[in-house]
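Secondary and tertiary structure notes
The residues making up each chain are set out below.
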Amino acid sequence: MSNTPDKSLVTSTDSFPINGTDHLEFYVGNAKQSAMYYQAALGFELVAYAGPETGVRDRVSYVLQQNKIRIVLTSSLMPGTEIARHVADHGDGVKVLALWVDDAVKAYETALSRGAESAFAPRTLKDDEGEVVMAAIKTYGETIHTLVERKNYTGVFMPGYQPRQSVYPVKSVGLKYVDHCVGNVELGTMNQWVKFYQDVMGFKLLITFDDKDISTEYTALMSKVVSNGNGYIKFPINEPAKGLKKSQIEEYLDFYRGAGVQHIAVATDNILETVSQMRANGVDFLYVPETYYEDVLERVGEIEEKLEDLKALNILIDRDEDGYLLQIFTKPIQDRPTVFFEIIQRRGAKSFGKGNFKALFEAIEREQALRGTL
Ligand code: FE2
């Protein structure tokens, strides 16, 4: 009589399966020198290269890896290319947040049928190691999500690249995987992008922060976090909110000249060692005053690390109902005050450090004041 399906037969399945982050590609002004920073300062190994020597005429790309984190640094070899124009407009920045999928064509077609805009149609790249299928869709600003299918590929990265090894004696700093990638979008567009991830990729809204959660005397922002079916992909999206002075998000949007990736959080299982090594390698971190440590334990309760060790490295602590986390933020990693890294160690906590927002934003405001952009 009724066509209603038997509910017991309906199982919940991920409508847009993603295995994890495949890689992040930065378009940069000088990939050769950037690659040295990733090796010497951040502890990444050079694993592959593409350029004139491998038959690519218009660009060079260096592929760097540390555990599960893969970064591609690409520069144009001539003016007038899409890469050269991107770097002229945005400075060094993230062009591609690549997602690892089992079926790139299906993922791409699903995304398009749900309203995504194509960045490029499916293509299959082949070499002696097998094949990689990829396609891409557009997200905020000029950023794209490449969907990468590599189940029939055994090579080091993908066809078109040759294996390379660091000449520099790289020492890993213990970075393990990408924990989350944050986007800054224009005023009034955060909800549109949250809806994009919900509609197109079936992401769930995890958390909302409004300007009451995230404000200092001067600057404010709003943020929502979306996550995919298996929880491996987490994309917080920020938009500026009205404050007495210029929001750090507005400063980003001004310098990046539009929406884009603000920070990439990478996980370690020993933040004390990771940050000591990074500091010894010359990486600059945001500074939070010593007064932060006076009452932090009252807020977060007992932790395994010694407070003085965390204080010596200026590492921040926060707690939620699942546990606690340790985190620290680098200063911007290029000349424009745009993209930076977060180093995070989770000890149970699944959140993003809300308890540190005030201290952090005051730290960012001090930097903005020095730049004359507050
Ligand atoms: Fe973060």
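From a predicted model like this one, the values you see are computed outputs, not experimental measurements.

Analysis parameters
Residues numbered from 1 in each chain as written. Predicted model: local features only at pLDDT ≥ 70, side-chain atom pairs only at ≥ 80, totals over all residues. Heavy atoms only, no water. Domains from an automatic or database assignment. Contact = heavy atoms within 4.5 Å. Buried area = accessible area lost by both parts, 1.4 Å probe. Pairing = 2+ DSSP bridges. Helix = DSSP H or I, 4+ residues; strand = E, 2+ residues; numbered from the N terminus. Salt bridge = Lys/Arg side-chain N within 4 Å of Asp/Glu carboxyl O. Buried < 20%, exposed > 50% of the residue type's maximum accessible area, 1.4 Å probe, protein only. Core = buried A, V, L, I, M, F, W, Y, C linked by side-chain atoms within 4.5 Å.

Details of the domain arrangement of the protein
Looking at the protein, the domain boundaries give domain 1 (12-163) and domain 2 (175-371). Inter-centroid distance (C-alpha atoms) of domain 1 to domain 2 is 24 Å. Taken together, the contact pairs 43 residues of domain 1 with 39 residues of domain 2. Summing the contributions of domain 1 and of domain 2, the shared interface buries around 3,200 Å²; its carbon and sulfur component is 65%. Interface area lost by domain 1 to domain 2 is led by Ile69, His90 and Tyr140, which between them contribute 20%.

What about the sheet that holds strand β7 (residues 130-138)?
One open sheet holds the nine strands; their spatial order is β6-β7-β8-β5-β1-β4-β3-β2-β9, and the pairing between them is mixed. What marks the edges here is a single partner per strand, and that holds for β6 (118-127) and β9 (162-163). Note: strand β1 (residues 20-27) against strand β5 (residues 93-100), seven bridges, orientation antiparallel. Residue pairing across strands places Tyr27 opposite Gly93, the latter belonging to β5.

Structural notes on the pattern of salt bridges
Inspection of the entire model under this criterion finds 19 salt bridges. Among the salt bridges present, the one from Arg85 reaches Glu82, with a minimum N-O distance of 2.7 Å. You can see Arg85 and its partner Glu82 sitting in helix α2 (residues 82-90), three residues apart, about one turn around the helix. Judged by its relative accessible area of 41%, Glu82 falls in the partly exposed class.

Focus on the nonpolar core
Ranked by internal contacts, the top residues of the largest apolar core, which has 96 residues, are Phe26, Tyr38, Ile264 and Ile317. Among the elements that make up this core, the one with the highest residue count is helix α4 (residues 190-201) (seven residues). Counting residues domain by domain, this core receives three or more from each of domain 1 (12-163) and domain 2 (175-371). Apart from the residues within four sequence positions on either side, Phe26 is in contact with Tyr38, Ile71, Val72, Leu73, Thr74, Gly93, Val94, Lys95, Ile264, Ile333, Val339 and Phe341. Val63, Met134, Ala136 and Met158 belong to the second largest nonpolar core, which has 17 residues in total.

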